[in-house]
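Reading the structure
Take a look at the letters that make up each chain.
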Amino acid sequence: MPIYEYRCESCEKQFEEYLSMSTKPAPPCPACGSPDVRRLISKINTEWLPSDVAWDRVGRSWD
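These notes cover the structure that comes with them. (Residues numbered from 1 in each chain as written. Predicted model: local features only at pLDDT ≥ 70, side-chain atom pairs only at ≥ 80, totals over all residues. Heavy atoms only, no water.)

Here we come to the pattern of salt bridges. In total, this model carries three salt bridges according to the counting rule given. The salt bridge partner of Glu12 is Arg7, with a shortest N-O separation of 3.7 Å. For Arg7, a relative accessible area of 22% puts it in the partly exposed group. Bridged by salt links that share partners, the residues Arg7, Glu9, Glu12 and Arg38 form one connected network. (Salt bridge = Lys/Arg side-chain N within 4 Å of Asp/Glu carboxyl O. Buried < 20%, exposed > 50% of the residue type's maximum accessible area, 1.4 Å probe, protein only.)

A few words on the packing of aromatic side chains. A ring pair, where both rings are aromatic, is described by two values, the distance of the centres and the angle of the planes. Enumeration over the complete set of coordinates arrives at one aromatic pair. Where Tyr6 meets Phe15, the ring centres are 5.6 Å apart and the plane angle is 20°; that geometry is what we call stacked. (Phe/Tyr/Trp six-rings, centres within 6.5 Å; stacked < 30°, edge-to-face > 60°.)

What follows covers the nonpolar core. Counting residues in hydrophobic clusters, the biggest one holds seven residues: Tyr4, Tyr6, Cys8, Phe15, Leu19, Cys29 and Val37. The element that contributes the greatest number of residues to this core is strand β1 (residues 3-8), accounting for three residues. (Core = buried A, V, L, I, M, F, W, Y, C linked by side-chain atoms within 4.5 Å. Helix = DSSP H or I, 4+ residues; strand = E, 2+ residues; numbered from the N terminus.)

Here's what the structure looks like:
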């Protein structure tokens, strides 16, 4: 289930929610209860490290 970040337009509180991708309406602000929240664009986090990639097997476009 993805984590979405929101910011309340009324009190400026930022918060996160675990929601299924099919959930359309934004949750109300946990601080003030306002339904006027905006979903934020957040960074993407990956779980792989560059050392996990077999770079010698990755095709090179400059060959």
